[in-house]
Amino acid sequence: MKEPSKLPSAWVSLIPFVFLTAILSVVIRVFGSGALDGASQVSLLLAAALVTAISMIFYKVSWEQLEEGILDNVRSVGTAIIVLFLIGAVAGSWMASGIVPMMIYYGMNIITPKIFLFATCLICALISVMTGSSWTTIATIGVALIGIGTAQGYSPGWTAGAIISGAYFGDKISPLSDTTTLASSSTGTPLFTHIRYMMKTTIPSFVIAITVFLVVSLCHSSEPGSTAAEFASDLSGSFRLTPWLMVTPLITALLISRKTPALLTLFIASLLGIVTALIFQPQILWHISTGQPVGDFAGLGFRDAFRGCMLTVYGPTSISVGNPQLDELIATNGITGMLPTVFLVISASAFGGALVGSGMLVSLTRMLQKGIRSTFGLVSSTVGTGIFCDMITGDQYLSIILTGSLYKELYREKGYENRLLSRSVEDSATVCSVLIPWNSCGMTQATILKVATPEYLPFCLFNIISPLMSILVAALGWKIRKRSAG
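Quantities reported herein were computed from a predicted structural model and do not represent experimental measurements.

As a further point, take the overall build of the protein chain. Within the protein chain, the regular secondary structure consists of 25 helices and zero strands. The C-alpha atoms of the protein chain give a radius of gyration of 23 Å, which matches the 23 Å a tight globule of 486 residues would have. Projected onto the principal axes, the alpha-carbon positions of the protein chain cover approximately 70 × 55 × 50 Å. Per-residue burial for the protein chain yields a buried fraction of 57% across its 486 residues. Residue pairs at least 24 apart in sequence account for 78% of intrachain contacts in the protein chain once pairs closer than 6 positions are excluded. Just so you have it, the protein chain exposes about 19,000 Å², and 67% of that area is on carbon and sulfur atoms. Between the mean site of the 27 positive side-chain charges and the mean site of the 23 negative ones, the protein chain shows a separation of 13 Å.

Next up, the structure:
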């Protein structure tokens, strides 16, 4: 795209961000956790309109120039939108097939007081990987684990820290996670390339965190709780839980390891989930189709099988196992549940495209570039910006998009791979959002777990270590290559 003849100054280019911050603060105050249902997206479109107005009135940028920037940006996220839809399909099919419930069932059976924090972190990590949602994991299993931990004499801060650490680790590396997809798409990084590269900072951070949780658990003594047994009993009473259910995740893992394209991998994973549900959980598909209790199942006809499979893929669906907390966990929204995120991606792309077309993004990039002299400085600046955006926007999704958009051109100019940017964004904007009391993540988790953000913050070890690990790896230069180096 041709650069405008007269670029806005960096200070003028900050005006849309100040406006966006102001309107988002009102949106979050008014809508709370429902801000992402549409109000945040409208805020982005209003910010894009402000960029357009400033550019056309004061800098004589043509509408065609701005439109080209917006359309190019929106087109660039086309694949990510399809990926998001397939993620919804996988989430629904893996839940109805019993794959995720099986992981919950076996995870719950390993909880004992002597390894409680360790097991809590590990279980939340596994469930979050399988569901792709830290919020869902925390709001369901997390609530139960808070109760178990209290009964076993653990402080709410320690238990909440273990829950959040595990949930955000799983969310961060799951191909089903919308934040992971958002970070990769907003920086132009293939999804599985992004996930594999994140492992170099994420795995060490998680190992350190879970080791600390293990040591603290081993030094603690208490009586075992009964909630885990109740959960396991409810799941086994409704689903047919068998090791054969692991075939689908194993095939999916094999496809990922062989670097199969994300679209193909997710499509196969969702298809295998449906086949698995037809073979092992016909009663669940019948329940989804008819709404009748699982215990009344007498056989699955073609109509109910077809209807159950379709509803599972596009959602929303609810599966009743007789326990409200578990019912909430295993309820899925399928493809329908991804529509707000798709709306957000398109709105943010329009805002980013307007910034590109107006030349504002170029001005901001040049301002940032002046103070950066090394890989360490570049990554540190990115991490700091991600956390700062978490603070000023109050939302991790917007922080991911804004940080990625702001640094994408700078990384390209300096010759760094996009995957370094996407990892730096995830190591900051994604995992640190829950540590900020006024961020939507911090507010939501504090409300759900009934533990104040400052109380659990010191114990969210994974979330604290991740940005520091990202900066440390950059300082060491480990596995960081420039494009010219291959």
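We now examine the environment of isoleucine 146. Summarising the element assignment, isoleucine 146 is placed in helix α8 (residues 134-151). Sequence spacing of isoleucine 146 and proline 8 is 138 residues, and the spatial spacing of their C-alpha atoms is 51 Å. Setting aside anything within four residues of it in sequence, one finds isoleucine 146 in contact with Pro156, Thr159, Ala160, Ile163, Leu449 and Val451.

Our next topic: the pattern of salt bridges. Enumeration over the complete set of coordinates arrives at five salt bridges. One salt bridge in this structure joins aspartate 72 and arginine 75, with 2.5 Å as the shortest N-O distance. Residue aspartate 72 and its partner arginine 75 are located together in helix α4 (residues 63-76), separated by three residues, close to a single helical turn. For aspartate 72, a relative accessible area of 33% puts it in the partly exposed group. Its salt-bridge partner being aspartate 427, residue lysine 172 comes within 2.2 Å of it at the nearest N-O pair. Placement of lysine 172 in helix α9 (residues 156-173) and of aspartate 427 in helix α22 (residues 418-432) is noted, with a sequence separation of 255 residues between them. Each of the two residues, lysine 172 as well as aspartate 427, counts as buried.

With that settled, consider the state of the cysteines. The final tally for this structure, using the stated rule, is zero disulfides. Its sulfur unpaired, cysteine 121 is 7.4 Å from the next cysteine sulfur, which belongs to cysteine 124. The thiol of cysteine 441 is not disulfide-bonded; the next cysteine sulfur, from cysteine 432, is found 11 Å away.

Another point: a nonpolar patch on the surface. A surface patch of nonpolar side chains, about 380 Å² in accessible area, is lined by Phe19, Val42, Leu45, Leu46 and Phe343. With three residues, the single largest contributor to the nonpolar patch is helix α3 (residues 39-58). Residue position: valine 42 is located in helix α3. The class for valine 42 is partly exposed, based on a relative accessible area of 42%.

Relative placement of two packed helices is described by the angle separating their axes and the distance separating the axes. Relative orientation of the contacting elements helix α10 (residues 178-186) and α22 amounts to 140°, with a least axis distance of 9 Å. Looking at the two axes, α10 sits oblique to α22. Of the two elements, α10 crosses α22, and the hand of that crossing is right-handed. Two secondary-structure elements touch here, α10 through Thr179, Thr180, Ala183 and Ser184 and α22 through Ser422, Glu426 and Thr430.

Next up on the list: unusual backbone geometry. Along the chain, glycine 315 connects to proline 316 via a cis peptide bond; the corresponding omega equals -5°. By the element assignment, proline 316 lies in the loop between α16 (302-314) and α17 (324-330). For lysine 450, which is not a glycine, the phi torsion comes out positive at approximately 60°. Tracing the backbone through its elements, the reader meets lysine 450 in the loop between α23 (440-449) and α24 (453-456). You will see that lysine 479, though not glycine, has its phi angle at about 60°, which is positive. Relative to the helices and strands, lysine 479 resides in the segment after α25 (461-476).

Under the 1.5 Å per step criterion, the end-to-end length of α9 is 26 Å for 18 residues, consistent within 8% with the ideal 26 Å. Burial runs high along α9: 16 of the 18 residues are buried.

The next thing to look at is the packing of helix α5 (residues 78-96) against α10. Between α5 and α10, the least distance of the axes is 10 Å, while the angle of their chain directions is 165°. Relative to α10, α5 is oriented roughly antiparallel. Crossing angle aside, the handedness with which α5 passes α10 is right-handed. Residue-level inspection shows Ala80, Val83, Leu84 and Ile87 of α5 in contact with α10, the latter providing Asp178, Thr181 and Ser185. In terms of residue class, the contact of α5 with α10 is built from four nonpolar, two polar and one charged.

Think of a pair of aromatic rings as described by two things: how far the centres are apart, and how the planes are tilted against each other in angle. Using the criterion set out here, one finds 11 aromatic pairs in the structure. Centroid distance phenylalanine 169 to phenylalanine 462: 5.7 Å. Interplanar angle 90°. Geometry classified as edge-to-face. In this pair, phenylalanine 169 sits in helix α9 while phenylalanine 462 sits in helix α25, placing the two residues 293 residues apart along the sequence. As far as burial versus exposure is concerned, phenylalanine 169 and phenylalanine 462 are alike and both buried. Put simply, the rings of Trp158, Phe213 and Phe459 touch in pairs and so form one group of aromatic residues.

This part covers the confidence of the model for the protein chain. A low pLDDT score tells you not to read the predicted coordinates there in detail. Of all residues in the protein chain, 93% have pLDDT values of 70 or greater, and the mean over the chain is 85. For the protein chain, per-element mean pLDDT is lowest for α17, which scores 73, and highest for α25, which scores 95.

What counts, and where the lines are drawn
Residues numbered from 1 in each chain as written. Predicted model: local features only at pLDDT ≥ 70, side-chain atom pairs only at ≥ 80, totals over all residues. Heavy atoms only, no water. Helix = DSSP H or I, 4+ residues; strand = E, 2+ residues; numbered from the N terminus. Rg over C-alpha atoms; globule rule 2.2 N^0.38 Å. Buried < 20%, exposed > 50% of the residue type's maximum accessible area, 1.4 Å probe, protein only. Contact = heavy atoms within 4.5 Å. Areas by Shrake-Rupley, 256 points an atom, 1.4 Å probe, with all protein chains shown as cover. Lys, Arg positive; Asp, Glu negative; His and termini not counted. Charge placed at Lys NZ, Arg CZ, Asp CG, Glu CD. Salt bridge = Lys/Arg side-chain N within 4 Å of Asp/Glu carboxyl O. Disulfide = S-S within 2.5 Å. Patch = residues over 30% accessible without salt bridge, like charges linked within 9 Å, V, L, I, M, F, W, Y side chains within 5 Å. Axes fitted to C-alpha atoms, helices over the stretch in contact; angles between N-to-C directions. Parallel < 35°, antiparallel > 145°, perpendicular 65-115°, else oblique. Left-handed = near helix turned anticlockwise from the far one by under 90°. Expected span 1.5 Å × (residues − 1). Nonpolar A, V, L, I, M, F, W, Y, C, P; charged D, E, K, R; others polar. Phe/Tyr/Trp six-rings, centres within 6.5 Å; stacked < 30°, edge-to-face > 60°. pLDDT = per-residue confidence, 0-100.

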